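Residues per chain are reported as follows:
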Amino acid sequence: MALSKPQLGIQSPIQCQLCEQSSKISWKCLECDLLMCNVCKNNIHPKIKTTGEHRIISSKDIGSTLSPSKVIGSISPSNKDPTNVDITVVEEYQTKLEGVGHLAISLDDSLWIGDGDCKKGKIFFTSHTGLQKVKFEGTKLKVKYSFNIHVNGMSITPGNDLLIATYGQDLLTQIRNGTNKVVNTVYKVDPYHPVYIYVTSKNKVIVGTETDTGDKGMVIVMDLEGNHEKVYGEDQTKGISFTLPFRITESNNGNIFVVDIINYEGEGRVIVLGHEHIIQTYCGHSVINTENKTFTPSDLTTTPAGNVIVEDIYRYTLHILNSTGNLISYISTKDKGIVQNPFSVGLTMVGHFCMLYLGTYPPVGSKDKGKLYKLNLTGC
């Protein structure tokens, strides 16, 4: 995948086309075709009818190619000021995992984490790293259970069970709440292989799958009995296709967000699915992602406001999208003191506080182990 470099800046000073006074142009509305100063963007433009559906870009991005189906480097309007979106590190936890590749937040204040690897041979006097259930004890993590299994993906159900997609199996397994045994479920994706699972608040099980050849993926929506209600990517005439549907979440309006990995370098895109068609394909931000620094999404989660946070592992960045896949803001995790690569993410409410959990991998060649960060998320 190659992203075109943005054409930066406005070449000559002109006035704001709303107030016709300020010469400091900061924004352009693509629908109105108007150049605006910051004051008019915040105070005048929102009064225009249907302005909530308009796409506004920074003056730096004028000249970039944008369309409703593919967004690279746009800033869309939001009910919240994008500059208010922020994260603060509350706690840093050291794990004994090669990296925190998987993360799921249980309903009993514990977490499921793992590097997803099934180790050969017997392991003595230490916990398995493929999958662990951990509890917080001060500044440390205590492992309650551990399993030597190869995990592709996992998700917590409304009943606090853990659904697991296991490598090489077409049947999802689960660990029931209060137990430490892995058992089979009714959720089968044959002839495909499960890559990731997401359980919605309405008890729908959404599974990202791949074929034996690994060159095509499907997204399957199932009911509680395991019946396939919908398969995205099966009907190519609708223009929906996936390479590797790696991570999935759902926004508050029912749109399905899919991280689709397109090559072995980890490059990818976020495909936003409506009931029958693709609403948006997000391929990164033009300031962060260029031809040499491509978009490498690794995980995503939905906020209480219905926005979606996407991790960009090799750019150390969180992209915040609204419920239709338009960019609201972005945050550099390195600027927050997180020096490892962000790979997995989960979110939960603690009272009135929105807590974001970030699992990381150390840089290639490092002897360090993965870390888990507890963050306070505001403005999103």
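All of these numbers come straight from a predicted model, not from anything done at the bench.

Chemist: Which residues make up the overall build of the protein, and what values do they have?
Modeler: What the protein contains, in helices and strands, is 1 helix and 27 strands. Pairs at least 24 residues apart make up 49% of the contacts formed inside the protein by residues separated by at least 6 positions. For the protein, the exposed area adds up to about 18,100 Å²; of that, 49% sits on carbon and sulfur atoms.

Chemist: I'd love a proper account of the pattern of salt bridges, names of residues and values included.
Modeler: Opposite charge on two side chains allows them to pair when their charged atoms are near. In the structure shown here, the tally under the stated rule is 9 salt bridges. The shortest N-O distance in the salt bridge between Lys-336 and Asp-86 comes to 2.6 Å. Highlighted residues: Lys-336 in the loop between β24 (327-332) and β25 (341-350) and Asp-86 in strand β4 (residues 86-94), separated in sequence by 250 residues. Classification of Lys-336 by relative accessible area gives partly exposed; the value is 30%. Looking at Asp-86, the relative accessible area reads 27%, which means it is partly exposed. One salt bridge connects Lys-369 with Glu-98, and the closest N-O pair in it is separated by 2.6 Å. Linking Lys-369 in the loop between β26 (353-361) and β27 (371-378) with Glu-98 in the loop between β4 and β5 (102-105), this pair joins segments that are 271 residues apart in sequence. Residue classification places Lys-369 among the partly exposed positions, given a relative accessible area of 31%.

Chemist: Which residues make up the side chain of Asn-341, and what are the values?
Modeler: Position of Asn-341 among the secondary structure elements: in strand β25. Exposure remark for Asn-341: the relative accessible area of 7% places this residue in the buried category. Within polar-contact distance, the side chain of Asn-341 engages the backbone oxygen of Ile-313 at 3.2 Å.

Chemist: Tell me about the sheet that holds β26, and name the residues and values.
Modeler: If you trace the 4 strands from one edge of the open sheet to the other, you get β4-β27-β26-β25, paired in antiparallel fashion. The sheet is open, and its two edges are formed by β4 and β25, each paired on a single side. In this sheet, adjacent strand axes meet at a mean angle of 25 degrees when their direction is disregarded.

Chemist: Outline the confidence of the model for the protein, supporting the account with residue identities and numerical values.
Modeler: Predicted confidence across the protein gives a mean pLDDT of 85, with 84% of residues reaching 70 or more. A low-confidence stretch, residues 1-13 (pLDDT under 50), is modelled with 27 contacts involving residues beyond four sequence positions or located in other chains. When the criterion is pLDDT under 50, residues 77-81 qualifies, and its contacts beyond four places in sequence or with other chains add up to 9 contacts.

Rules behind the numbers
- Residues numbered from 1 in each chain as written.
- Predicted model: local features only at pLDDT ≥ 70, side-chain atom pairs only at ≥ 80, totals over all residues.
- Heavy atoms only, no water.
- Helix = DSSP H or I, 4+ residues; strand = E, 2+ residues; numbered from the N terminus.
- Contact = heavy atoms within 4.5 Å.
- Areas by Shrake-Rupley, 256 points an atom, 1.4 Å probe, with all protein chains shown as cover.
- Salt bridge = Lys/Arg side-chain N within 4 Å of Asp/Glu carboxyl O.
- Buried < 20%, exposed > 50% of the residue type's maximum accessible area, 1.4 Å probe, protein only.
- Polar contact = N/O pair within 3.5 Å; in protein donor to acceptor, adjacent residues only side chain to side chain.
- Pairing = 2+ DSSP bridges.
- Axes fitted to C-alpha atoms, helices over the stretch in contact; angles between N-to-C directions.
- pLDDT = per-residue confidence, 0-100.

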